[in-house]
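# A look at the structure
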Amino acid sequence: MVRDPLGEDRGAGWSGSSGSSLRAGRLLDSPPVNAVTHAVFGAGALAGASLVLGVEPALYAYPVAGVAALVPDLDNPRSKLGNGLSPMRSPLLNALTRPLSWALRAVSFGLFKTVGHRTLTHSLLGLAAFAALAWLLWRAVPGPGYGLFVALVAGYASHLAADSLNTPGVPLLWPVGGTARLWPGGIRSGGVAELVVAVIAVAVAGYLAYLVHPVLQDQVDGVLSAALYRESLTPPL
Ligand SMILES: [Zn+2]
């Protein structure tokens, strides 16, 4: 029988239960990661953090938070970022981004072979290290630097929150040990439960963005007012 060189387990992130899933060099026995779920959590976390901090993020900060929400799964070579950037239609863009793809794959393989999946990058230590890198970026980029810092850290932290709803939980205190779960027993990924969580996350992220952006409030309130006005003009049956 030909065995997969990365182990027989597949998937990452929002993953099902597996007793030995947190050992170095092995992946979880579960469906593939749902990167969209993580990205939605990242966008919602940015809106929530902005609400708490009393700032209004620029629109470009949302995709930044969405990508940052995928970073912890770099420790999985099959994850969205761990496998390098997806091929694009433009040969020029492919050529320009190829070094970044190689770097992502190299980092992913290194993490996978040394600490393993769901260890360092899924811990508070990993979050602190990432926040330190984001802080350096903030200092290096005056102006939008603070917004980028908030987006990156909120996005990364949201990944840990999302995975802690999942069955295997996250080793927040790695390397000391212990697994954190926000939901008793955890929610198994790849099924209806994950879809429900994703839909709720979209609704919460949308509401938080509504609260953070006055422009969005004006738009939504205008649409609702117009709809109510039309309703009031409709003669009763
Ligand atoms: Zn993960």
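Residues numbered from 1 in each chain as written. Predicted model: local features only at pLDDT ≥ 70, side-chain atom pairs only at ≥ 80, totals over all residues.

### Observations regarding the environment of tyrosine 207
With respect to the element layout, tyrosine 207 can be found in helix H6 (residues 192-212). A tally of 13 C-beta atoms within 10 Å means that tyrosine 207 is categorised as partly exposed. Separated by 163 residues in the primary sequence, tyrosine 207 and glycine 44 have C-alpha atoms spaced 8.8 Å apart. (Helix = DSSP H or I, 4+ residues; strand = E, 2+ residues; numbered from the N terminus. Buried ≥ 20, exposed ≤ 12 C-beta atoms within 10 Å, placed from the backbone.)

### Digging into the packing of helix H2 (residues 61-68) against helix H5 (residues 145-164)
How two helices pack is summed up by the angle between their axes together with the distance between the axes. Interhelical geometry of H2 versus H5 gives an angle of 35° and a closest axis separation of 7 Å. Crossing handedness for the pair H2 and H5: right-handed. Residue-level inspection shows Ala61, Val64, Ala65, Gly66, Val67 and Ala68 of H2 in contact with H5, the latter providing Gly147, Leu148, Ala151, Leu152, Ala154, Gly155 and Tyr156. (Axes fitted to C-alpha atoms, helices over the stretch in contact; angles between N-to-C directions. Left-handed = near helix turned anticlockwise from the far one by under 90°. Contact = placed C-beta atoms within 7 Å.)

### What about the nonpolar core?
General note: in soluble globular proteins, nonpolar side chains tend to be found buried as a group. One finds Leu46, Ala65, Ala151, Leu152 and Ala154 to be the most contacted residues of the largest nonpolar core, which totals 41 residues. Contributing elements (two or more residues each) for this core: helix H1 (35-53), H2, helix H3 (91-114), helix H4 (124-140), H5 and H6. Among the elements that make up this core, the one with the highest residue count is H5 (11 residues). If near-sequence neighbours (up to four positions away) are discounted, leucine 46 is found in contact with Pro57, Ala61, Tyr62, Ala65, Val150, Ala151, Ala154 and Gly155. (Core = buried A, V, L, I, M, F, W, Y, C linked by C-beta atoms within 7 Å.)

### Some points on unusual backbone geometry
Going from tryptophan 174 to proline 175, the amide bond is cis rather than trans, its omega being 10°. Looking at where proline 175 falls in the secondary structure, it is placed in the loop between H5 and H6. Phi at arginine 118 is positive, roughly 55°, even though this residue is not glycine. Along the chain, arginine 118 falls in the loop between H3 and H4.

### Overview of the packing of H1 against H6
Between H1 and H6, whose axes approach to 8 Å, the crossing angle comes to 30°. In terms of axis orientation, H1 runs roughly parallel to H6. Seen along the crossing, H1 lies across H6 with a hand that is left-handed. Contacts between H1 and H6 involve Thr37, Val40, Phe41, Ala43, Gly44, Ala47, Gly48, Ser50 and Leu51 from the former and Glu194, Ala198, Ala201, Val202, Val204, Ala205, Leu208, Ala209, Leu211 and Val212 from the latter. Tallied by class, residues from the contact of H1 with H6 come to 14 nonpolar, 4 polar and 1 charged. (Parallel < 35°, antiparallel > 145°, perpendicular 65-115°, else oblique. Nonpolar A, V, L, I, M, F, W, Y, C, P; charged D, E, K, R; others polar.)

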